[in-house]
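Chain and residue survey
So you can see what is in the structure, the chains are spelled out below.
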Amino acid sequence: MNKLKLFIDNFLVYGIGGLISKLIPLIMISIITWLLPNTDYTGINDMSNTIIQFACAFAILGMYDAMYRLFFEKEDENYKMQVCSTALVFTLFTSVIVFVLMLIFKDIIAIFFLSDVQYANVVYLAAMGTLVSATNSIISAPTRMQNKRILYLSVNAIGPIISYSISIPLVLKGYYVIALPLSSVISGLTIEIAFKIINRKWFKIRLFNKKVLKQLLAIALPLFPNFIIYWIFNYCDKLMITNMIGIGAAGVYAIGSLLGHASQLIYMAFAGGWQFFAFSTMKEKNQVETNSKVFEYLGAISFVAVMFMCALSFPFFHLYKPIYLEGYIVTPYLFFAPLLQMLFQVAANQFLVIKKTWPNLFILLSGAILNIVLNYLLIPELGIEGASIASVIGYIVSDIICVIVLCRMKLMNISKRFIIAIMTTLVFMLMWRFFYSDNVVLGLISAAVFTVIIVILYLKELKHIAGLLKKKKSVVKD
């Protein structure tokens, strides 16, 4: 019960906190779409983020997850400090190398990602963003690893406020190309400085340890290809849209992606509670059963959320400039994709627990290859919707393979009711897409009906969780 309570508490705190931090970009980007003259500038900003995410994979090299894993290996605080310090020194070194390489090859990067060498100045900002983002991921980690939830969320909530307070004046002055990328760098640097002050005790250069570095790299390097594959899943579609249709189409897709990635609220809630929960309970006897239940529960939550996003995507898009309206159709798919990634990480965590990370690579690779192939086939036929469908199918295939492998290794169990929940969601999405994708009323009614089916499947657990929350509320009052 304590384990369930731990996970639920973290899930709710990170979920509510994430809601606050995510609402700001959702509201502010709707304002910015009305200020920008066309969709090209939205696409440029989104591709700048795509460059940063790609470069960060090389700068971090899986060190964040390795650091998280070793932090819970021993209770010795000095060892934990060595882990944090060693991870930071290594990441700082690799980040500087990546930063310099991006400056050297800025023209090539601009042509490949932005389809035009005139946007080389955007690559300068992306290089700075990479340096900040990569090192900040390590510097902020101790706050999460100590489960200081409120502090972590409070500091990160400052980022969007700073970013849009800078970007909007720049847009109004006509700096359409650099407004959003520049404001992102400044806000990221501000947050990094704040976390450096908060976590200063965990990072001391003199505690760099070569032996610890070897332990970190033993875990990190096998994970590195996974992050490249995650990039393919999350960003390759945008790159292919830019090169196959145009930067303007990428801008429309970016807005669909932004609204679709509202599912990051669930993902943030999961990530905030999951890593601490997973590694702090990984040595318990019923760990397989616990992990399997978490997978199912998060799956059920994801299915319900996707249904309502399908119903609401069309009216939500009226917040944006009319030229973006066609992007509503990709939102449910892109909303679903991060949730499927979340489910994969829950399942694949079993490989990390037994310190065998290589299966993740081959399982994800199969889905990523399928994703790329489907992008080439579907984008010319279905446009931006084809790209979003390709992403979802790629993740679904990866999830299915991962679950089958783990079940055969007796590291995971899947119940029949979960399979019923999957089929229920599939039927709903097909009905929505072909019959009432732009009809809000029918969409909401259908989502409510199908949600009732899933609720009935997990009624016992819902009553149990409600009891825990009620008990906690009564304790707080006392």
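The following refers to the structure shown. The written sequence of each chain sets the order in which its residues are numbered from 1. Given that this is a predicted model, residues contribute local features only at a pLDDT of at least 70 and side-chain atom pairs are listed and counted only at 80 or more, while totals for whole chains, interfaces and linings are drawn from all residues. Hydrogens and water are ignored here; the side-chain numbers use all heavy atoms of the structure.

1. So, the overall build of the protein chain
Labels follow the DSSP assignment, with helices taken as runs of H or I lasting at least four residues and strands as runs of E lasting at least two, numbered in each case from the N terminus. Scanning the protein chain for helices and strands turns up 19 helices and zero strands. Relative accessible area decides the class of each residue, using a 1.4 Å probe on protein chains only: under 20% of the type maximum gives buried, over 50% gives exposed, and in between gives partly exposed. Each of the 478 residues in the protein chain was classed as buried or not, and the buried ones make up 57%. The contacts in the protein chain between residues at least 6 apart in sequence include a share of 85% that link residues at least 24 apart. A total of about 20,700 Å² of accessible surface is found on the protein chain, and carbon and sulfur atoms cover 70% of it. Residues are treated as being in contact if the distance between any of their heavy atoms lies within 4.5 Å. Here, Shrake-Rupley sampling with a 1.4 Å probe gives the accessible areas, and only protein chains in the shown set may cover a residue.

2. Examining the packing of helix H17 (residues 416-435) against helix H18 (residues 440-457)
Helix-helix packing is described using two parameters, namely the angle between the two axes and the distance between the axes. Fitting a line to C-alpha atoms yields each axis, with helices limited to the stretch in contact; the angle taken between N-to-C directions then spans 0 to 180 degrees. Two elements in contact, H17 and H18, have axes separated by 10 Å at closest approach and are oriented at 175 degrees. By the angle between their axes, H17 is roughly antiparallel relative to H18. Only Gly443, Ser446, Ala447, Phe450, Ile453, Ile454 and Leu457 of H18 make contact with H17, whose side of the interface consists of Arg417, Ile420, Ala421, Thr424, Thr425, Val427, Phe428 and Met431. The class makeup of the residues in the contact of H17 with H18 is 10 nonpolar, four polar and one charged. Roughly parallel covers angles under 35 degrees, roughly antiparallel covers those over 145, roughly perpendicular covers 65 to 115, and oblique covers all other angles. Think of it as three bins: nonpolar holds Ala, Val, Leu, Ile, Met, Phe, Trp, Tyr, Cys and Pro, charged holds Asp, Glu, Lys and Arg, and polar takes everything else, Gly as well.

3. What to know about the environment of Leu70
Within the secondary structure, Leu70 is located in helix H3 (residues 63-71). The residues touching Leu70, leaving out its near neighbours within four places in the chain, are Tyr79, Val83, Val212, Gln215, Leu216 and Ile219.

4. Quick notes on the side chain of Thr242
In this structure, Thr242 sits in helix H10 (residues 210-244). Setting aside chain neighbours within four positions, we find Thr242 in contact with Met47, Phe113, Ser115, Ile247 and Ala250.

5. Some remarks on the nonpolar core
Among buried residues, those of type Ala, Val, Leu, Ile, Met, Phe, Trp, Tyr and Cys that are joined through side-chain atoms within 4.5 Å constitute a nonpolar core. If you look at the biggest cluster of nonpolar residues, it comprises 143 residues, and the most contacted ones within it are Met63, Met67, Leu216 and Phe428. When residues of this core are assigned to their parent elements, the largest contribution, 18 residues, is made by H10. In this structure, Met63 is in contact with Ala87, Phe90, Thr91, Ile138, Leu213, Leu216, Leu217 and Ala220, ignoring residues within four places of it in sequence.

6. Describing H17
Between its first and last C-alpha, H17 extends 29 Å over 20 residues, near the 28 Å set by a 1.5 Å rise per residue. Those residues of H17 that sit buried are Phe418, Ala421, Thr424, Thr425, Phe428, Met429 and Trp432. Looking straight down H17, one finds that the buried residues subtend no more than 130 degrees of arc, so they occupy a single side. Set apart from the buried face of H17 by more than 90 degrees, the exposed residues are Lys416, Phe434 and Phe435. A helix's residues, less one, multiplied by 1.5 Å, set its expected span. The arc under discussion is defined with respect to the helix axis, by the directions toward the C-beta atoms.

7. Thoughts on unusual backbone geometry
In most cases, non-glycine residues show a negative phi, while peptide bonds are predominantly trans. Even without glycine at this site, Leu61 takes up a positive phi of about 55 degrees. If you trace the backbone, Leu61 turns up in the loop between helix H2 (39-60) and H3. Judged by relative accessible area, which is 16%, Leu61 ranks as buried.

8. A look at a nonpolar patch on the surface
Only residues whose relative accessible area exceeds 30% and that form no salt bridge enter a patch; like-charged residues are grouped when within 9 Å of one another, and nonpolar side chains (Val, Leu, Ile, Met, Phe, Trp, Tyr) when within 5 Å. When a carboxyl oxygen of Asp or Glu lies within 4 Å of a side-chain nitrogen of Lys or Arg, that pair is called a salt bridge. Together, Leu92, Phe93, Val96, Ile97, Val100, Leu101, Ile104, Phe105 and Ile108 give the surface a local cluster of nonpolar side chains, amounting to about 830 Å² of exposed area. The element that contributes the greatest number of residues to the nonpolar patch is helix H4 (residues 77-104), accounting for seven residues. With respect to the helices and strands, the residue Ile104 is situated in helix H4. Judged by its relative accessible area of 54%, Ile104 falls in the exposed class.

9. Topic: helix H5 (residues 106-114)
One turn of an α-helix holds 3.6 residues; hence residues three or four places apart share an orientation. For H5, the full list of buried residues reads Ile109, Ala110, Phe113 and Leu114. Buried residues of H5 fall within an arc of 100 degrees about the axis and therefore sit on the same side. Among the structural elements, H2, H4, helix H6 (120-139) and H10 are those in contact with the buried residues of H5. Within two residues after H5, Ser115 carries a phi angle of roughly 65 degrees, on the positive side.

10. Quick word on the packing of H3 against H10
Put simply, H3 and H10 touch, their axes get as near as 7 Å, and they point 135 degrees apart. On the basis of the axis angle, H3 is oblique to H10. Like other packed secondary-structure pairs, H3 and H10 cross with a definite hand, here right-handed. The residues of H10 that touch H3, namely those facing Met63, Asp65, Ala66, Met67, Arg69 and Leu70, are Val212, Leu213, Gln215, Leu216, Leu217, Ile219, Ala220, Leu223 and Phe227. A per-class count over the contact of H3 with H10 returns 12 nonpolar, one polar and two charged. Definitions for this section: a left-handed crossing has its near helix turned counterclockwise from the far helix by less than a right angle. A right-handed crossing has that turn clockwise.

11. Side note on the packing of aromatic side chains
The geometry of two aromatic rings is summed up by the distance between their centres and the angle between their planes. Whether two aromatic rings pair depends on their centres lying within 6.5 Å, for rings of Phe, Tyr and Trp, where Trp uses its six-membered ring; planes under 30 degrees apart make the pair stacked, over 60 edge-to-face, and the rest tilted. In total, this model carries 18 aromatic pairs according to the counting rule given. A centroid spacing of 5.9 Å and a plane angle of 65 degrees characterise the contact between Tyr64 and Tyr68, whose relative ring orientation is edge-to-face. With Tyr64 and Tyr68 both in helix H3 and four residues apart, this pair spans about one turn of that helix. Of the two residues, Tyr64 and Tyr68, neither departs from the other in class, the shared state being buried. An aromatic cluster is present here, built from Phe54, Phe58, Phe112, Phe113, Phe224, Trp231 and Tyr235 joined pairwise through their rings. Only Lys NZ and Arg CZ are tested; either one counts as a charge over a ring when it is within 6 Å of the ring centre and within 35 degrees of the ring normal. One Lys or Arg, Lys80, reaches over the ring of Phe71 and ends 4.2 Å from the middle of that ring. Between Lys201 and the ring centre of Trp202, over which it is positioned, the NZ or CZ distance is 4.7 Å.

12. Section: the environment of Glu77
Following the sequence through the fold, Glu77 ends up in helix H4. On a C-alpha basis, the gap between Glu77 and Trp202 in space is 9.2 Å, while along the polypeptide they are 125 residues apart. Not counting residues within four places of it along the chain, the set of residues in contact with Glu77 comprises Lys201 and Trp202.

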